[in-house]
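Structural features, examined
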Amino acid sequence: MIQIQHLYKTFETKDGTVEALKDINIEVEDGDIYGIIGMSGAGKSTLVRCINMIERPTSGKVLIDGVDMGGLSDAELRKVRRQVSMIFQSFNLLMQRTCLKNICFPLELEGWKPEAAKKRAFELLETVGLPDKANAYPAQLSGGQQQRIAIARALATNPKILLCDEATSALDPKTTNQILDLIREINRKFGITVIVITHQMSVVENICNKVSIIDYGVVQETGLVTDIFADPKSEAGRRLVFPDQSSGEIEAPKGAICISLSFNSAESTDAPLIATLAKEKGVAANIMAAQTKTVGGKEYGKMLISVPDDGKSVDIVLSYLDGAKGIRAEVVDLENEHARYEMESEETEADE
């Protein structure tokens, strides 16, 4: 288990003190694929570097299996770091070495005999799907292939933890999905705990089971990915789950009643909900706002609809949705609650 407790990190600059991280508290269970997401400058990369003490926290603790990383000597820290590997956006391969020798490098530092290191490197080339690239140099490979070699090198010392700092940010979407599939398979096959640092919610929804959203050096919210997608509590969470939204107060149409629908792992079907209400139940429902996503065939998010205030439409809708798995419906009073709903746009800030 990784426990980050009351962690602060400040930097001194010519313009004064910068608080990069403020009172961070996170727990990562063994075997998790844990996402830490935020926009550029949020502090997420500083945080991941504090986990293995590449950056020393100003205060607070990082505990790995109960061991306080900040209390270790340099020699003890080097030993623990063998169990905490890291891959980067820029791959960080040694360009003058072949792929095989790149993978052998951490083993050489540990004193492995050349033949044993080479055997281990060939096994890892098979693991990452590049057995034919042993004698190739990094410059001869694509970006995705270079990242695979970097992953193989990170696995050389049989780590318990793999830290991924924007590991797919330099890759195209197809290659990104392939690398994420590989990381997921490594997690499943070897039981390695993975921490994924990213600014892309698509990466989190693809691979992570838990996530912390960080903004301005502060953890805004933490939870299961499914829960965050269903109902992000923080403004930062809403921006990331439903990017580029515009806000505005919504007024109920005259002669109508508003119903809020919350989707939490609701089954995605080919039959549109509102169209089905009209066709099967004769209720002319109007979509006033919607912020939903489909993840793994499930719907997450919210929708606001209005139905005629005719004494029967509300009951029909609530009865229709009663018992529907993953959907909660309730009547809302927009005027009294000053409810605000944010509309989804087509472009995402993370993609820009």
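Report on the accompanying structure. (Residues numbered from 1 in each chain as written. Predicted model: local features only at pLDDT ≥ 70, side-chain atom pairs only at ≥ 80, totals over all residues. Heavy atoms only, no water.)

1. What about the packing of aromatic side chains?
Within the structure shown, the criterion is met by zero aromatic pairs. The ring of phenylalanine 11 is capped by lysine 9, whose NZ or CZ atom sits 5.0 Å from the centre of that ring. (Phe/Tyr/Trp six-rings, centres within 6.5 Å; stacked < 30°, edge-to-face > 60°. Lys NZ or Arg CZ within 6 Å of the ring centre and 35° of its normal.)

2. Overview of the sheet that holds strand S10 (residues 218–224)
Spatial strand order, S6-S7-S8-S3-S9-S10: six strands in an open sheet with mixed pairing. The open sheet is flanked by strand S6 (84–88) and S10, the only strands paired with a single partner. The average undirected angle you get between the axes of adjacent strands in this sheet is 15°. One ladder, built from five bridges, connects S6 with strand S7 (residues 161–165); its direction is parallel. Paired with serine 85 across the bridge in S7 is leucine 162. (Pairing = 2+ DSSP bridges. Helix = DSSP H or I, 4+ residues; strand = E, 2+ residues; numbered from the N terminus. Axes fitted to C-alpha atoms, helices over the stretch in contact; angles between N-to-C directions.)

3. Here we look at the pattern of salt bridges
Applying the stated criterion across every chain yields a total of 11 salt bridges. Among the ionic pairs, glutamate 110 bridges to arginine 82, the shortest N-O distance being 3.4 Å. Of this pair, glutamate 110 sits in the loop between helix H3 (99–109) and helix H4 (114–127) while arginine 82 sits in the loop between helix H2 (74–81) and S6, and the two are 28 residues apart along the sequence. Accessibility expressed as a relative area gives 38% for arginine 82, which makes it partly exposed. (Salt bridge = Lys/Arg side-chain N within 4 Å of Asp/Glu carboxyl O. Buried < 20%, exposed > 50% of the residue type's maximum accessible area, 1.4 Å probe, protein only.)

Spatial relationships are all this shows, so hold off on functional conclusions.
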